[in-house]
Amino acid sequence: MPVLTNVIEIVAEGTVPFTTGGAKVIQNVFHYQLQSGTPQTAVDVAQQFRDNKWVTLVAQLHESYTGVGFNARYIDDALENYTFLASTGDGLITGDRLPMDMAVACVLRCAARGKNFRGSKHFTPLAESDTLKDELTSAAAISWNTAIQNLFTTINLSGAVYIPVVVSKTLSQLRTNPCTVIGSPITSVLLNKTIGTMRRRRQRTSR
Amino acid sequence: MGSRLYTLGIVTQGVVTSSGGQIRPVRNSFVYYSATPPTPFPWIPFQLAFESVVWSPIVALLHSDYTGIAYNAYYPARFTPGTGHLVGSAPSGGVMGDRLPLSVAITVRLNSDFRGKNFQGLKSFGPVAETHTIDDELTPLAHAQWTTAIGNMLVPLLDGAGNTWHPAIESRVLTALDPNPLAADCVDMTYATVRFRLGLKRHRRERTVTF
């Protein structure tokens, strides 16, 4: 099984207000592995991620999304704490939005076989103007695809190159040192035109 | 508890064409019971009564992508063995404009005077028009319209032979466990509440289309 080292976890965090008041915290988690060069600090890598990758994606989200920040750390060391980096990006698309549990979904594929080496990401909230019935509009699909493809490219920082990976939480041992990180580099990203669901993000029942 | 010998079900059948061209079936089922042994009756008057009282007000609030096909009325096998009766053609949705994805639905909680999950129910109606919603919820106007339409689900229906059919919540679990194979465990549906929050009906969603 592919054992990874120098794997950094970046958690992008934001909030969206519910219709009835209160807000939902939205988190998207990404993993990058050092491919070459010397390891950089987690916060520096997160800053590079924020400025070159997340900024293009967050622009596709509905304006109700308010960025909070990024938490980053190397998951090779179970004792390392997250480092916080403030967000600079909010959603930009105006107009009405879809319910919170409707999301743009993409599939992540790796060279290694098996369900432990596949992944998916769900991005929400979505603007109604980006969708037509069950799917993204053609224009929205193109811009979402551009943002997603950009998200899963390498991060280059001071000679170090980080590549996006899928980490298997089932096969890895991340609770105590020495940690074992099992995963595989992402080889392709596929955007679903069909609107996906992310039930944990839905608003609580109101009658 | 709630053991009934004379029950019937009616399923509304319709389809929605998804953005990718797939034909997705949308069904909603309703259960009724008669307190007394019913005299034989023709299906058509019952179907017409169901359509005019219950289904037409509901379907008028669905998005126009919904195309009604037919009603499938049946006696549960424990009452009179036999197949379903396809009766009539069902009306189609009446609200124009854009719609939400098929997996979004208007959720209605059904309650009876009995406690326990066996005597509660849930109905999910879709497709939902965008004009009926704001963010995660129904607009107040749409909620009022849906509440009015759903109230008709509590009305007893008359068939052509003078039998009265009461709306019911049937427990499939208790019915299966009932030692009397002829009885169905169902109770009077006494409350139907439309939720403000939009619900999910994932079985209905379009199969994945990739970019």
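Calculation notes
Residues numbered from 1 in each chain as written. Chains lettered and ligands numbered in written order. Predicted model: local features only at pLDDT ≥ 70, side-chain atom pairs only at ≥ 80, totals over all residues. Helix = DSSP H or I, 4+ residues; strand = E, 2+ residues; numbered from the N terminus. Rg over C-alpha atoms; globule rule 2.2 N^0.38 Å. Buried ≥ 20, exposed ≤ 12 C-beta atoms within 10 Å, placed from the backbone. Contact = placed C-beta atoms within 7 Å. Expected span 1.5 Å × (residues − 1). Arc of directions from axis to C-beta. Axes fitted to C-alpha atoms, helices over the stretch in contact; angles between N-to-C directions. Parallel < 35°, antiparallel > 145°, perpendicular 65-115°, else oblique. Left-handed = near helix turned anticlockwise from the far one by under 90°. Nonpolar A, V, L, I, M, F, W, Y, C, P; charged D, E, K, R; others polar. pLDDT = per-residue confidence, 0-100. Pairing = 2+ DSSP bridges.

Caption draft 1: Molecular detail of the overall build of chain B. The helix and strand tally for chain B stands at three helices and 14 strands. For a compact globule of 211 residues, the expected C-alpha radius of gyration is about 17 Å, and chain B comes in at 18 Å, within 12% of that figure. Counting only C-alpha atoms, chain B reaches 55 × 35 × 30 Å along its principal axes. The buried share among the 211 residues of chain B stands at 43%. Looking at chain B alone, contacts between residues at least 24 apart form 74% of all its contacts between residues at least 6 apart.

Caption draft 2: Seen up close, the overall build of chain A. Helices and strands together make up the secondary structure of chain A, namely two helices and 13 strands. Principal axes of the C-alpha set define a box for chain A whose edges measure 50 × 35 × 30 Å. Split into buried and exposed, the 207 residues of chain A put 45% on the buried side. For chain A, long-range pairs separated by at least 24 residues make up 74% of all intrachain contacts whose partners lie at least 6 apart in sequence.

Caption draft 3: Seen up close, helix α2 (residues 138–151) of chain A. All names here are of chain A. Taking 1.5 Å per residue as the helical rise, α2 with its 14 residues ought to reach 20 Å, and the 20 Å between its terminal C-alpha atoms agrees with that figure. Turning to α2, its buried residues are A140, A141, W144, A147, I148 and L151. Down the axis of α2, the buried side of the element spans an arc of 135°, and every buried residue falls inside it. Of the exposed residues in α2, those oriented more than 90 degrees away from the buried face are S138 and A139.

Caption draft 4: Looking closely at unusual backbone geometry. Between T124 of chain A and the following residue, P125 of chain A, the backbone shows a cis peptide bond with an omega angle of 5°. Turning to its location among the elements, P125 of chain A is positioned in the loop between β7 (118–123) and β8 (131–132). Following N177 of chain A, the chain continues to P178 of chain A via a peptide bond in cis, the omega torsion being -5°. Relative to the helices and strands, P178 of chain A is located in the loop between β11 (160–167) and β12 (181–191). Positive phi, normally seen in glycine, also occurs at N6 of chain A, with a value near 50°. Structurally, N6 of chain A is set in the loop between β1 (3–4) and β2 (7–17). Under the C-beta neighbour-count criterion, N6 of chain A is labelled partly exposed, with 18 such atoms within 10 Å. Within the chain, D135 of chain B stands out as a residue other than glycine whose phi angle is a positive 55°. When you line up the elements, D135 of chain B lands in the loop between β8 (133–134) and β9 (137–138).

Caption draft 5: Here's a closer look at helix α2 (residues 140–151) of chain B. With 12 residues, α2 of chain B ought to run about 16 Å at 1.5 Å a step, and its terminal C-alpha atoms sit 16 Å apart, in line with that. Check the buried side of α2 of chain B and you find it contacts α1 (43–59), β6 (104–111), β9 and β13 (191–194) of chain B.

Caption draft 6: Structural view of the packing of helix α1 (residues 42–58) of chain A against α2 of chain A. All names here are of chain A. Running from N to C, α1 and α2 point in directions that differ by 160°, and their axes come no closer than 9 Å. By the angle between their axes, α1 is roughly antiparallel relative to α2. You can see that α1 and α2 cross each other, and the crossing is left-handed. The segment α1 lies against α2, with K53, T56 and L57 engaging A147, N150 and L151. Taken together, the residues of the contact of α1 with α2 break down into three nonpolar, two polar and one charged.

Caption draft 7: Structural context of the confidence of the model for chain B. All names here are of chain B. Summarising the model, chain B shows a mean pLDDT of 88, and 95% of its residues fall at 70 or more. Mean pLDDT in chain B bottoms out at strand β5 (residues 85–87), which sits at 73, and peaks at α2, which reaches 97. Here the predicted complex scores 0.88 on pTM and 0.84 on ipTM.

Caption draft 8: Molecular detail of the pairing of β12 of chain A. All names here are of chain A. In this sheet, β12 lies alongside β1 in antiparallel orientation, the contact comprising two bridges. In the strand pairing of β12, V3 is matched with I182. Examined bridge by bridge, β11 and β12 share three bridges and lie antiparallel to one another. By the bridge assignment for β12, V165 is matched with P185.

Caption draft 9: Local environment of the environment of V7 of chain A. With respect to the helices and strands, V7 of chain A occurs in strand β2. The contact partners of V7 of chain A, leaving out residues within four places of it in the chain, are H31, Q33, Y74, I75, D76, V165, V167 and V181 of chain A.

Caption draft 10: Representation of the environment of A149 of chain B. All names here are of chain B. Checked against the element boundaries, A149 lands in helix α2. The exposure class of A149 is buried, given the 22 C-beta atoms found within 10 Å. Spatially, the C-alpha atom of A149 lies 24 Å from that of S171, the residues being 22 residues apart in sequence. What A149 contacts, discounting residues up to four positions off in sequence, is P57, I58 and L61.

Caption draft 11: Structural detail: the pairing of β2 of chain A. All names here are of chain A. Bridge count between β2 and strand β3 (residues 23–36): 11 bridges; the pairing is antiparallel. Across the sheet, G14 pairs through a bridge with I26, a residue of β3. As judged from the eight bridges shared by β2 and strand β4 (residues 66–74), these two strands associate in the antiparallel manner. Residue pairing in the sheet places I10 in a bridge with A72 of β4.

Caption draft 12: Molecular detail of the environment of L182 of chain B. All names here are of chain B. Structurally, L182 can be placed in the loop between α3 (172–177) and β12 (184–188). On the basis of neighbour counts, which here come to 12 C-beta atoms within 10 Å, the residue L182 falls in the exposed class. As a C-alpha pair, L182 and Y6 span 176 residues in sequence and 8.9 Å in three-dimensional space.

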